[in-house]
Amino acid sequence: MEQKLVITLAIFGVLLLPLSAYAAVYDVSQHGVQNGDITNALLKAWKLAVEAPTESKVLIPKGQWTLKQALLAGPNKAPIEFQVEGTVTAYSDPYDLPDKKGEWWIGMNYLHSLTVSGGGIFDGNGKVAWTKNDCHKNPQCTSKRLPYNLSFNFINNSLVKDITIKDSKYFQSNCISSNNVTFQRITISAPAESPNTDGIHIARSVNIKVLDSIIQTGDDCISFGDELKDVLVKNVRCGPGHGISIGSLGKTDHEKDVTGITIDNCTFINSDNGVRIKTWPSTPSTLKVTDIIFTNLIMQNVSNPVIIDQEYCPWNMCSLDKASLVQISKVKIDNIKGTSFTQDALIFSCSSSKPCQDVQIGDIDLMFSGDPKLGGATTKCQNIKYVTTGKQNPPLCVKTSAPKALPK
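Predicted model, so just to flag it, every value in this text is computed and none were measured. (Residues numbered from 1 in each chain as written. Predicted model: local features only at pLDDT ≥ 70, side-chain atom pairs only at ≥ 80, totals over all residues. Heavy atoms only, no water.)

## Remarks on the overall build of the protein chain
Here comes step 1: A tally of helices and strands in the protein chain yields three helices and 31 strands.
Here comes step 2: Its C-alpha atoms give the protein chain a radius of gyration of 23 Å, near enough to 22 Å, the size a compact globule of 408 residues would have.
Here comes step 3: Along the longest, intermediate and shortest principal axes, the C-alpha atoms of the protein chain span 80 × 55 × 40 Å.
Here comes step 4: Residues classed as buried in the protein chain amount to 51% of the 408 residues present.
Here comes step 5: Carbon together with sulfur atoms contributes 52% to the accessible area of the protein chain, which is approximately 18,100 Å² in total.
Here comes step 6: Put simply, the protein chain has 40 plus and 38 minus side-chain charges, and the middle of one group is 1 Å from the middle of the other. (Helix = DSSP H or I, 4+ residues; strand = E, 2+ residues; numbered from the N terminus. Rg over C-alpha atoms; globule rule 2.2 N^0.38 Å. Buried < 20%, exposed > 50% of the residue type's maximum accessible area, 1.4 Å probe, protein only. Areas by Shrake-Rupley, 256 points an atom, 1.4 Å probe, with all protein chains shown as cover. Lys, Arg positive; Asp, Glu negative; His and termini not counted. Charge placed at Lys NZ, Arg CZ, Asp CG, Glu CD.)

## With respect to the state of the cysteines
Here comes step 1: According to the stated counting rule, one finds three disulfides in the structure shown.
Here comes step 2: In this model, Cys 221 is linked to Cys 238 through a disulfide, with the two sulfur atoms separated by 2.1 Å. Taking the sign of the S-S torsion, about 80° here, the bridge from Cys 221 to Cys 238 comes out right-handed. Taken as a pair, Cys 221 in the loop between β16 (205-216) and β17 (222-224) and Cys 238 in strand β18 (residues 228-238) lie far apart in primary sequence, 17 residues in all. (Disulfide = S-S within 2.5 Å.)

## Observations regarding the packing of aromatic side chains
Here comes step 1: Under the defined criterion, the tally for this structure stands at eight aromatic pairs.
Here comes step 2: Here Phe 82 and Phe 122 contribute two aromatic rings whose centre-to-centre distance is 6.3 Å and whose plane-to-plane angle is 55°, an arrangement assigned as tilted. You can see Phe 82 sitting in strand β5 (residues 80-84) and its partner Phe 122 sitting in strand β9 (residues 121-123), a full 40 residues away along the chain.
Here comes step 3: Ring-pair connections join several aromatic residues into one group, and the members of that group are Trp 46, Phe 82 and Phe 122. (Phe/Tyr/Trp six-rings, centres within 6.5 Å; stacked < 30°, edge-to-face > 60°.)

## Focus: the layout of surface pockets
Rolling a probe over the atoms, with the probe sized like a water molecule, indicates the empty space that remains.
Here comes step 1: Counted as a void, the largest pocket has a volume near 1,500 Å³.
Here comes step 2: Contributing to the lining of the largest pocket are 46 residues, with Tyr 148, Tyr 170, Phe 171, His 201 and Ser 248 lying nearest its centre.
Here comes step 3: Of the residues in the lining of the largest pocket, the class split is 15 nonpolar, 17 polar and 14 charged. (1 Å grid on protein atoms, 1.4 Å probe; cavity = no way out; pocket = protein on both sides within 12 Å on 5 of 7 lines; lining within 4 Å. Points joined across faces, edges and corners; volume = space filled by probe spheres on them. Nonpolar A, V, L, I, M, F, W, Y, C, P; charged D, E, K, R; others polar.)

## Section: empty space enclosed by the protein
Here comes step 1: For the coordinates displayed, the defined rule picks out one cavity of 30 Å³ or more.
Here comes step 2: As a volume, the largest cavity reaches approximately 60 Å³.
Here comes step 3: In terms of lining, the largest cavity is formed by Leu 67, Lys 68, Ala 90, Tyr 91, Asp 93, Asp 96, Leu 97, Trp 105, Gly 124, Pro 147, Asn 149 and Lys 169.
Here comes step 4: Taken together, the residues of the lining of the largest cavity break down into six nonpolar, two polar and four charged.

## Section: the UniProt feature "active site" (unreviewed entry) in the protein chain
Here comes step 1: The UniProt record marks His 242 with the feature "active site" (unreviewed entry), using the residue numbering of this structure.
Here comes step 2: Apart from residues no more than four positions distant in its own chain, His 242 is found in contact with Gly 218, Asp 219, Asp 220, Cys 221, Asp 272, Asn 273 and Arg 276.
Here comes step 3: Separated by 3.4 Å, the side chain of His 242 and the backbone oxygen of Gly 218 make a polar contact. (UniProt positions renumbered as here; feature names shortened; annotations may be inferred. Contact = heavy atoms within 4.5 Å. Polar contact = N/O pair within 3.5 Å; in protein donor to acceptor, adjacent residues only side chain to side chain.)

## Some details on the pattern of salt bridges
Note that side chains of opposite charge can pair when their charged atoms are close.
Here comes step 1: Per the stated rule, a full pass over the model turns up seven salt bridges.
Here comes step 2: Between Asp 220 and Arg 276 there is a salt bridge whose closest N-O contact spans 3.4 Å. Separated by 56 residues along the polypeptide, Asp 220 in the loop between β16 and β17 and Arg 276 in strand β22 (residues 275-279) bring together distant segments of the chain.
Here comes step 3: Given the relative accessible area of 4%, Arg 276 is considered buried. (Salt bridge = Lys/Arg side-chain N within 4 Å of Asp/Glu carboxyl O.)

## Structural notes on the nonpolar core
Generally speaking, nonpolar side chains in soluble globular proteins are found buried as a group.
Here comes step 1: Residues Phe 82 and Phe 224 are the most contacted members of the largest nonpolar core, which totals 91 residues.
Here comes step 2: If we skip the residues at most four places from it in the chain, Phe 224 touches His 201, Ile 202, Val 231, Val 233, Ile 244, Ser 245, Ile 246, Gly 247, Leu 249, Ile 261 and Ile 263. (Core = buried A, V, L, I, M, F, W, Y, C linked by side-chain atoms within 4.5 Å.)

## Re the side chain of Ser 324
Here comes step 1: If you trace the backbone, Ser 324 turns up in the loop between β24 (306-309) and β25 (327-340).
Here comes step 2: Polar contacts involving the side chain of Ser 324 include one to the side chain of Gln 310, which spans 3.5 Å.

## Considerations on the side chain of Asn 76
Here comes step 1: By secondary structure assignment, the location of Asn 76 is in the loop between β4 (70-73) and β5.
Here comes step 2: The exposure class of Asn 76 is buried, given its relative accessible area of 7%.
Here comes step 3: There is a polar contact of 2.9 Å between the side chain of Asn 76 and the backbone oxygen of Ala 78.
Here comes step 4: One polar contact links the side chain of Asn 76 to the main-chain carbonyl oxygen of His 112, over a distance of 2.8 Å.
Here comes step 5: Contacts of Asn 76, omitting those with residues within four sequence positions, involve Val 50, Tyr 110, Leu 111 and His 112.

## Concerning helix α2 (residues 39-51)
Helical geometry note: an α-helix holds 3.6 residues per turn, so side chains three or four residues apart project in the same direction.
Here comes step 1: When the terminal C-alpha atoms of α2 are compared, their 19 Å separation across 13 residues agrees well with the 18 Å that a helix rising 1.5 Å per residue should span.
Here comes step 2: What α2 keeps buried is the set Thr 39, Ala 41, Leu 42, Ala 45, Trp 46, Ala 49 and Val 50. Here the buried residues of α2 occupy an arc of 160° about the axis, which is enough to place them on one side. (Expected span 1.5 Å × (residues − 1). Arc of directions from axis to C-beta.)

Shown next, in the form of structure tokens:
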């Protein structure tokens, strides 16, 4: 009978697969929700999905749910879709976690062929945690152990799309030691004054994409750590926040090279920075940063639209006695336009020991949006070897000069 039904519908141009061909759906609301808390239910559903021999789905249906903490780990036998349609909210106490050593609220580790989707919201409920964050003045701060909202580690061939991540207690999300992962149509939000709420931190990975997304945070919209290759950020709107940052890099001597990062067709609105590369001085690290492209970028009232800062030393936590040994080369900057809130629209503060090499600067059109009595937009250069094509406004520096104090 089932075969006859499939054949009949096929005649009308619709192929209906037998029910057995559909993915198993594990709805957390059917696995023991306790007063709206889905912690145990989610872990039960996830265990079934990971062990499933064929494609499966874990569903958080529409509604308001709370979650203490969850490590959703593999390895999985078959593709999994994590479909979140409702709003999942963390508890406010940042230290009331079942696994206090886990630097995540929801961790997803050792998975392949994963899709996270559904239009739902991951709410980290971070307001209480932000008041406890004193990392800006205390290098030994305990806030470094606050949980990320979503932490992706050792993920391969996967897609994260159509979700909202908000108000994390620390970084909103990260992607570490992963390969071929795309983030698409993601909305990330936290107040401008929320500390260390980086939108997405990416490191030690290959072939990562962030596409068609909106990121509003109290720190970097996107930050990149070391050991990265082939990353594309395209059609992203950033602001408020600290811009898109490669680094900081070179603080420790075991860091590895960064190559092939492209930032294309992005818009920055009222952000503290646009695009920047930042490395630490006075450290033995000798990694290389190469094949970087900043192109087709719009700046709207952005402080410091373009920066290379090889004297990055926030809150005087290092010495400036020795120049950075990180080599930056093969950088292309082209079609950058809009308005700069700071008079220095482009700052190139490269290392005296390892000057920036092979920097290509194309069309630049940045106007100073501050007090007109100060004059127009300017540029600052130090230890940079560059060539130009097209037209630059403001004109690039003719000779090297010491830049003003850079943002931390």
